[in-house]
Structures are given as C-alpha cells and as structure tokens.
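Each chain is listed here by its residues.
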Amino acid sequence: MPKRPGWRSIKIHRSYTIEEAARQLSVAKGTVQRWLKTDGLPAMKDQRPFLIHGQDLIEFLKRDKRSGKKCKLHEAYCFSCREPREPAERMADLVAISDKIGDLQALCSHCGGLMHKRVSMRLQGQLGTLLDLTIRQRQSSM
Ligand SMILES: [Zn+2]
C-alpha cells in the first residue's frame, strides 16, 4: 500500500513549487501535477513556476484522506477534528426523520463538538448494541 502523503510536514504560510511539494510529501512530481490538473488542487498559475499555497495543499490532502476514510457504523464525522470519531461516552440520539431515515446525533469523544450523520432506521438495532442509544421522534412543526 502506498504511504499516505505527510501533510503534517507542510507549512501553512509557505508556498511550494511542484518540485518542492513532491519532495516534501515523498511523492512523484507527476502525482502533484495530476492533483493540480485533474483533482482540483489550487495553485497560483499566473506565474511560473506555479506556486502552491501550503494551506491549499494541506486542505487538499486532508480532503483526500477524508474521502478514503469511512466512518464505522457507530462513528460520525466530526467537522472540528476532521476525523471520524466515536460518540462521547458512547451515547447518541437517533432522531427519526422518517420511517426509513434517522439522524444520529452525538458529541465528539475527542473535542466535544456536535456530530451527526444520516443513518438508515433499520440499523437502530445494530447501533443499539454499540451505543447507548436514545430514539427520539423528530419534533413536528405545528
Ligand atoms: Zn471532534
């Protein structure tokens, strides 16, 4: 399996040429060129060589990581941590949106931020074995 690019070595306030970014991340120059060309990595293209903002590069690599990383059934994606996280105390609410769809709501075990994700109501039995689950009905607007 290829090594995950180490975005932690990238500096937010620096700009990188393609060569520098490739070297810093231990990837081929062609890989960085592909990110620019087809994968939507932004660069300052009004000058040559192109410069890539460290910040853009970090965001790009994190996004890439996120798409490759699925939440487990009882986890939800925390937008503060930018990681799938377990609910704090393994407690979560399952709010029924319809007969089929529920909104799993929990606090991030890492930062305490509110997380939620859409789940199938069919999974409530399974979720109940993993989490201390409270089933709630969505408040109907009168
Ligand atoms: Zn978090």
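Residues numbered from 1 in each chain as written. Predicted model: local features only at pLDDT ≥ 70, side-chain atom pairs only at ≥ 80, totals over all residues. Heavy atoms only, no water.

### Side note on the domain arrangement of the protein
Many structure descriptions define interface size as the accessible area lost when the parts assemble. Considered domain by domain, the protein is made up of domain 1 (7-67) and domain 2 (76-137). Here the C-alpha centroids of domain 1 and domain 2 sit 34 Å apart. (Domains from an automatic or database assignment.)

### Observations concerning helix α2 (residues 29-37)
Along α2, the residues classified as buried are Thr31, Val32, Trp35 and Leu36. Projection of α2 onto a plane perpendicular to its axis shows the buried side chains occupying an angular sector of 140 degrees, all on one side. (Buried < 20%, exposed > 50% of the residue type's maximum accessible area, 1.4 Å probe, protein only. Helix = DSSP H or I, 4+ residues; strand = E, 2+ residues; numbered from the N terminus. Arc of directions from axis to C-beta.)

### Quick look at the environment of alanine 21
The residue alanine 21 is located in helix α1 (residues 18-25) in this model. For the pair alanine 21 and methionine 121, spaced 100 residues apart in sequence, the C-alpha separation works out to 45 Å. Discounting residues that sit within four places of it in the chain, alanine 21 has contacts with Tyr16, Val32, Ile52 and Leu57. (Contact = heavy atoms within 4.5 Å.)

### Here we look at α1
For α1, the complete set of buried residues consists of Ile18, Ala21, Ala22 and Leu25. Mapping the buried residues of α1 onto a view down its axis gives an arc of 100 degrees, with all of them on the same face. Serine 26, located one to two residues past α1, shows a positive phi value of around 55 degrees.

### So, the coordination of the zinc ion
Here the zinc ion is held by Cys78 (SG), Cys81 (SG), Cys108 (SG) and Cys111 (SG), and the distances to it run 2.2 to 2.3 Å. Around the zinc ion sit 4 donor atoms; with metal-centred angles ranging over 104 to 113 degrees, the donor geometry is tetrahedral. As a motif over one chain, the donors of the zinc ion read C-x2-C-x26-C-x2-C. With a gap of 30 residues between them, cysteine 81 in the loop between β3 (76-78) and β4 (83-85) and cysteine 111 in the loop between β6 (101-108) and β7 (114-120) connect regions that are remote in the sequence. Given a relative accessible area of 18%, cysteine 81 falls into the buried group. The exposure class assigned to cysteine 111 is partly exposed, which follows from its relative accessible area of 41%. (Donors = N, O, S within 2.8 Å, 3.2 Å for Na, K, Ca; no water. Tetrahedral: all angles 85-135°; square planar, octahedral: opposite > 155°, others 65-115°.)

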